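Chain and residue survey
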Amino acid sequence: MATDSKSPTVDKSDVTARLPKPSNLGDVVTDRTKVLTDVERGQLEEQNKRMVTPFQAQKLEHEARKHWDLFYKRNDTRFFKDRHWTTREFSELLSENPAVPGTLADGTRRNDAENQQKTLLEVGCGVGNLIFPLIEDGHRDYFIYACDLSPRAVELLPAVVANIFRLIKPGGMVLFRDYGRYDMAQLRFKAGHKIGENFYVRQDGTRSYYFAEDEVATLFRQAGFAVLLNSYIHRRTINAKENIDVPRIFVQGKFQKPPQPE
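All of these numbers come straight from a predicted model, not from anything done at the bench.

Here we look at the overall build of the protein chain
What the protein chain contains, in helices and strands, is 9 helices and 9 strands. In the protein chain, buried positions account for 43% of the 262 residues. The long-range share in the protein chain, meaning contacts at least 24 apart out of those at least 6 apart in sequence, stands at 70%. On the protein chain, roughly 15300 Å² of surface is accessible, and the fraction owed to carbon and sulfur atoms is 53%.

Below, the structure written as structure tokens:
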């Protein structure tokens, strides 16, 4: 499920005073939901003054595929940036030696048992902003499946996660990243764009949902996964040339299907 929107700058003092120290990359990692300022609480209250009507919400549901098709017709592959950061965030995607599949860092070949091709399923692939950079960076010892979710993605998430649990092998991992609760893209929506709690429609008819950390953990636990890592990532998007400094929030997690007992 590919979603995005541009966001304005907001005072960060109320957030940083309550969060742990940033990581080496400048990110702040926490399991606590952002504490809103009075201004931000006012923005959310303003959204509730005029909600998307049930009729409009149903129409958006029926036309969701059309809106995403029009989005990609307008933007082609230019809107979302290629995700060359994924192997930094999820080391599980790294090959031992990206240049030569099946080869260790010292150049020796792995034995047949270790040299089994890995399988990667990307759910919500969009135009391939994760897969193609992965291949370009030399991580080619994968057999890759890629699909984009149903327009009813948010409502069907429990069933989707249950299907993923059924499909992957014991010991298999799910690497999750999506927009987090109170991201600036959520706070900037005006009245008339809110469909439901943390669920919004943009001007172009595409929709976006903003996850809570505990919501994601519960979703995967109920499907049978073990939660290895799950937290909010607070990151600043900075463009010095355009004088842009935007705080973003994501939920990022790693979930594992329990290995079979020996």
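Once you've had a look at it, read on.
Some points on the sheet that holds strand 7 (residues 207–209)
Judged by pairing direction, the sheet is antiparallel, and its 3 strands sit side by side in the order 5-6-7 without closing on themselves. Both edges of this open sheet fall to strand 5 (194–196) and strand 7, since each of them pairs with a single strand only. Averaged over all pairs of adjacent strands, the angle between strand axes in this sheet comes to 30°, irrespective of strand direction.

Let's talk about the pattern of salt bridges
The final tally for this structure, using the stated rule, is 10 salt bridges. Residue Lys49 is joined to Glu46 by a salt bridge in which the shortest nitrogen-to-oxygen separation is 3.1 Å. Judged by relative accessible area, which is 64%, Lys49 ranks as exposed. The class for Glu46 is partly exposed, based on a relative accessible area of 40%. When salt bridges that share partners are traced, they join Asp27, Glu89 and Arg235 into one network.

The rules behind these values
Residues numbered from 1 in each chain as written. Predicted model: local features only at pLDDT ≥ 70, side-chain atom pairs only at ≥ 80, totals over all residues. Heavy atoms only, no water. Helix = DSSP H or I, 4+ residues; strand = E, 2+ residues; numbered from the N terminus. Buried < 20%, exposed > 50% of the residue type's maximum accessible area, 1.4 Å probe, protein only. Contact = heavy atoms within 4.5 Å. Areas by Shrake-Rupley, 256 points an atom, 1.4 Å probe, with all protein chains shown as cover. Pairing = 2+ DSSP bridges. Axes fitted to C-alpha atoms, helices over the stretch in contact; angles between N-to-C directions. Salt bridge = Lys/Arg side-chain N within 4 Å of Asp/Glu carboxyl O.

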